[in-house]
Amino acid sequence: KSKCDVFSGIPILKEDLQFKNGMAVSAPYLTVEFVKFSNPDAKVAADGRGTVAVAYETPGQLIAAEEGDKNFDVENTTKDVIDAVVSGKAEYGIGWYPSLLKYENSHHSVHFSLMTTKSKVSNWHLSFVADARNTILISKISRALGRLSNDVAFQKMVKPWAIASH
């Protein structure tokens, strides 16, 4: 039985059972996605096919395979994936949308073209997770998140992370 006192906010998949056994999971406070992206100035195929950069051992690799991409540029980190697309080494990249926002916010001249991905690992729900003995705390957090979801200030805080705002 777990004696872990760690309380954290982490991305999980709706189907992710590793957090169901012996763990308490809050309602999600944000949903973020993996997206396929390209440099808008690049000449790319309309169907999204070409060399796709993905980070090693990440959902991006699985997403690319599930979507039928055949030419992979496997990089070490998400930053390397983004750099491969920006430099033209790869026509496309698959990465976590918040990582792209962070890059765009620190490189104001870069704005990516985005495509949604269609995979069981594309959408991640950021939730709080704790040991099952903290179920009451997690329930309180879930109720608070429910109340916050109707709060204008909270909506303004999470809106930039939604793809529709890009």
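Refer to the preceding data block for the structure.
Structure report, in brief. This one's a predicted model, so the numbers in the text were calculated from it and none came from an experiment. (Residues numbered from 1 in each chain as written. Predicted model: local features only at pLDDT ≥ 70, side-chain atom pairs only at ≥ 80, totals over all residues. Heavy atoms only, no water.)

Regarding the pattern of salt bridges
Phase 1 of the analysis: For the coordinates displayed, the defined rule picks out 5 salt bridges.
Phase 2 of the analysis: For the salt bridge of Lys36 with Asp69, the shortest nitrogen-to-oxygen distance reads 3.0 Å. Highlighted residues: Lys36 in strand 3 (residues 30–38) and Asp69 in the loop between helix 1 (59–66) and strand 5 (71–75), separated in sequence by 33 residues.
Phase 3 of the analysis: In this structure Lys36 comes out as buried when scored by relative accessible area, which is 3%.
Phase 4 of the analysis: One salt bridge in this structure joins Lys89 and Glu75, with 3.0 Å as the shortest N-O distance. With a gap of 14 residues between them, Lys89 in the loop between helix 2 (78–87) and strand 6 (92–96) and Glu75 in strand 5 connect regions that are remote in the sequence.
Phase 5 of the analysis: The buried category is assigned to Glu75, whose relative accessible area is 11%.
Phase 6 of the analysis: What you see here is one network of salt bridges that share partners, running through Asp73, Glu75 and Lys89. (Salt bridge = Lys/Arg side-chain N within 4 Å of Asp/Glu carboxyl O. Helix = DSSP H or I, 4+ residues; strand = E, 2+ residues; numbered from the N terminus. Buried < 20%, exposed > 50% of the residue type's maximum accessible area, 1.4 Å probe, protein only.)

Observations concerning a nonpolar patch on the surface
Phase 1 of the analysis: Taken together, the side chains of Tyr56, Phe72 and Val74 define a hydrophobic patch exposed on the protein surface, amounting to about 280 Å² of accessible area.
Phase 2 of the analysis: Along the chain, the position of Phe72 falls in strand 5.
Phase 3 of the analysis: Using a relative accessible area of 36% as the deciding quantity, one classes Phe72 as partly exposed. (Patch = residues over 30% accessible without salt bridge, like charges linked within 9 Å, V, L, I, M, F, W, Y side chains within 5 Å. Areas by Shrake-Rupley, 256 points an atom, 1.4 Å probe, with all protein chains shown as cover.)

Comments concerning the nonpolar core
Phase 1 of the analysis: Core analysis: the largest hydrophobic core is formed by 16 residues, its most contacted members being Phe37, Ile82, Leu100 and Phe112.
Phase 2 of the analysis: Within the residue set of this core, elements represented by two or more residues are strand 3, strand 4 (51–55), helix 2 and helix 3 (97–106).
Phase 3 of the analysis: With residues up to four places along the chain from it excluded, the contact list for Leu100 reads Val35, Phe37, Ile82, Phe112 and Leu114.
Phase 4 of the analysis: Within the second largest apolar cluster, 14 residues are counted, among which are Val32, Leu126, Phe154 and Val158. (Core = buried A, V, L, I, M, F, W, Y, C linked by side-chain atoms within 4.5 Å. Contact = heavy atoms within 4.5 Å.)

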